[in-house]
Amino acid sequence: MRIALVILGLWVIACLGYPLWPIDPDEVRLDSMLAAPGPHAWLGYDDLGRGVWDRLLAGAVVSLQVALVAVTGSALIGIPVGLVSGYVGGAADHLVVRVIDVVLAFPGLLLAIALAGMLGPGVGNVMIALVAVGWVGFARLTRAQVLSLRERDHVLAARVLGTGTWRILVQHLLPLCAAPLIVEATFGIAVAVLSEAGLSYLGLGVQPPAASWGSMIRDGSRYLLVAPHYVLAPGVALCLVVLAVNLAGDALRDRLDVTLWRD
């Protein structure tokens, strides 16, 4: 857990301090094309003589931005939909369930690729595609939680006292759903980072000359035998960040699970 937090902390610090770093990810040095790591370039250079370390940091910023926007947007759409659907029930709930089933019938990444292809390449469209796919996870989880909580005594008491529906949803139900939703958001960050890298690898995400871990892996795969550092740097960074987020999510889930608490 500590190692995961250290990795996540370095990721966030590198992104927040990116404007202060003395780097230029788009500077071309033709005399350094595919040069190996050295004292002047920690991770070497790419096929255009651009510093891999510089572009790795730029890609980290893109990954964090996409992950935060995708998870926040998905939560802002999915949580209210799940709250209303689970509490109101009836035809509205039936419609929401059918929509969720239709979206979940397709693999998430495949649907994101289709949406990104329809919208066109670009990091903004990647965010829209990931939100369009990711909200169903929050909606389904929120709905399941509300279905198990809406007949609790405190909810029934609030209803008898004439409390409004939105107040019941926000004050009596949403706080009790917070723990699993926080864990869902944590795992959503890992999915968003991987999805952004995958879409950029396919050319549907970040466009040149901007840097992305996925596009760096795609471009570096052509020089794997002569410049392995070109692929290894973004590949290892991507694996470490996703693994750290998943480990942090597992630890957070165990921490918030009251059934695992001990006196």
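Definitions and cut-offs
- Residues numbered from 1 in each chain as written.
- Predicted model: local features only at pLDDT ≥ 70, side-chain atom pairs only at ≥ 80, totals over all residues.
- Heavy atoms only, no water.
- Helix = DSSP H or I, 4+ residues; strand = E, 2+ residues; numbered from the N terminus.
- Buried < 20%, exposed > 50% of the residue type's maximum accessible area, 1.4 Å probe, protein only.
- Contact = heavy atoms within 4.5 Å.
- Areas by Shrake-Rupley, 256 points an atom, 1.4 Å probe, with all protein chains shown as cover.
- Lys, Arg positive; Asp, Glu negative; His and termini not counted.
- Charge placed at Lys NZ, Arg CZ, Asp CG, Glu CD.
- Core = buried A, V, L, I, M, F, W, Y, C linked by side-chain atoms within 4.5 Å.
- Phe/Tyr/Trp six-rings, centres within 6.5 Å; stacked < 30°, edge-to-face > 60°.
- Axes fitted to C-alpha atoms, helices over the stretch in contact; angles between N-to-C directions.
- Parallel < 35°, antiparallel > 145°, perpendicular 65-115°, else oblique.
- Left-handed = near helix turned anticlockwise from the far one by under 90°.
- Patch = residues over 30% accessible without salt bridge, like charges linked within 9 Å, V, L, I, M, F, W, Y side chains within 5 Å.
- Salt bridge = Lys/Arg side-chain N within 4 Å of Asp/Glu carboxyl O.
- Expected span 1.5 Å × (residues − 1).

Asker: How would you explain the overall build of the protein if you had to name every residue and give the values?
Answerer: In terms of regular secondary structure, the protein is built from 9 helices and 0 strands. Starting at the N terminus, the α and β elements of the protein follow one another as α-α-α-α-α-α-α-α-α. Its C-alpha atoms put the protein at 75 × 50 × 30 Å along the principal axes. Looking at the protein as a whole, 42% of its 263 residues are labelled buried. A separation threshold of at least 6 residues defines the contact pool for the protein, and within that pool the share at least 24 residues apart is 69%. Split by element, the accessible area of the protein, about 13,900 Å² in all, is 70% carbon and sulfur. For the protein, the centre of its 16 positive side-chain charges and the centre of its 18 negative side-chain charges are spaced 9 Å apart.

Asker: So what's going on with the nonpolar core? Residues and values would help.
Answerer: It is characteristic of soluble globular proteins that their nonpolar side chains tend to be buried jointly. Ranked by size, the top nonpolar core spans 46 residues in total, and within it Trp11, Leu130, Val193, Trp213 and Leu238 carry the most contacts. Mapped onto this core, the elements with two or more residues apiece are α1 (2–16), α2 (52–88), α3 (90–104), α4 (108–119), α5 (123–149), α7 (165–201), α8 (213–220) and α9 (229–256). Leucine 130 has contacts with Val66, Ala70, Ser74, Ala112, Ala192 and Ser195, leaving out every residue within four places of it along the chain. If you look at the next biggest cluster of nonpolar residues, it comprises 15 residues, including Val71, Ile79, Val155 and Leu173.

Asker: Let's hear about unusual backbone geometry: which residues, and what values?
Answerer: A cis amide bond, omega 5 degrees, links proline 208 with the succeeding residue proline 209. Note on placement: proline 209 falls in the loop between α7 and α8. One non-glycine residue, leucine 34, lies in the positive phi region at around 60 degrees. The partly exposed category is assigned to leucine 34, whose relative accessible area is 23%.

Asker: Account for the environment of serine 195, naming residues and giving values.
Answerer: When you line up the elements, serine 195 lands in helix α7. In this structure the C-alpha to C-alpha distance between serine 195 and isoleucine 113, which are 82 residues apart in sequence, comes to 9.0 Å.

Asker: I'd like a rundown of the packing of aromatic side chains, residues and numbers included.
Answerer: The geometry of an aromatic ring pair is captured by two quantities: the separation of the ring centres and the angle between the planes. Per the counting criterion, the structure on display carries 3 aromatic pairs. Between tryptophan 21 and tryptophan 53 the ring centres are 6.3 Å apart and the planes differ by 80 degrees, which places this aromatic pair in the edge-to-face class. A residue pair is termed long-range when its members are at least 10 positions apart, and tryptophan 21 in the loop between α1 and α2 and tryptophan 53 in helix α2 qualify at 32 residues. Classification of tryptophan 21 by relative accessible area gives partly exposed; the value is 34%. Tryptophan 53 sits in the partly exposed class, given a relative accessible area of 23%. Relative to tyrosine 230, the ring of tyrosine 223 lies with its centre 6.4 Å away and its plane at 15 degrees, an arrangement referred to as stacked. A network of ring pairs unites the aromatic residues Trp21, Trp42 and Trp53 as a single cluster.

Asker: Pulling in residues and values, what's your account of the packing of α5 against α7?
Answerer: When two helices pack together, their arrangement is given by the angle between the helix axes and the distance between those axes. Orientation of α5 relative to α7, taken along the N-to-C sense of each, is 155 degrees, at an axis distance of 10 Å. Accordingly, the angle class assigned to the pair α5 and α7 is roughly antiparallel. The way α5 lies across α7 gives a crossing that is right-handed. Contacts between α5 and α7 pair Val126, Leu130, Gly137, Phe138, Leu141, Thr142, Gln145, Val146 and Leu149 from the former with Leu173, Leu176, Cys177, Pro180, Leu181, Glu184, Ala185, Ala192, Ser195, Glu196 and Leu199 from the latter.

Asker: If you had to explain a nonpolar patch on the surface to someone new, which residues and values would you point to?
Answerer: Residues Val28, Leu30, Met33 and Leu48 make up a contiguous nonpolar surface patch of about 370 Å² in total accessible area. On the secondary structure map, leucine 48 appears in the loop between α1 and α2.

Asker: For the pattern of salt bridges, give the residues involved together with the corresponding values.
Answerer: Summed over all chains, the structure comprises 9 salt bridges. Across the salt bridge formed by aspartate 46 and arginine 50, the nearest N and O atoms sit 2.8 Å from each other. There is no split in this pair, since aspartate 46 and arginine 50 are both buried. Between arginine 222 and aspartate 47 there is a salt bridge, with the nearest N and O atoms lying 3.8 Å from each other. With arginine 222 in the loop between α8 and α9 and aspartate 47 in the loop between α1 and α2, this residue pair connects regions lying 175 residues apart in the sequence. Relative accessible area serves as the criterion here: at 58%, arginine 222 is assigned to the exposed category.

Asker: Give a description of α2 that names residues and reports values.
Answerer: Its 37 residues place the ends of α2 53 Å apart at the C-alpha level, agreeing with the 54 Å of an ideal helix rising 1.5 Å per residue. A large share of α2 lies buried, amounting to 26 of its 37 residues. After α2 finishes, the residue glycine 89 shows a positive phi value of roughly 70 degrees.

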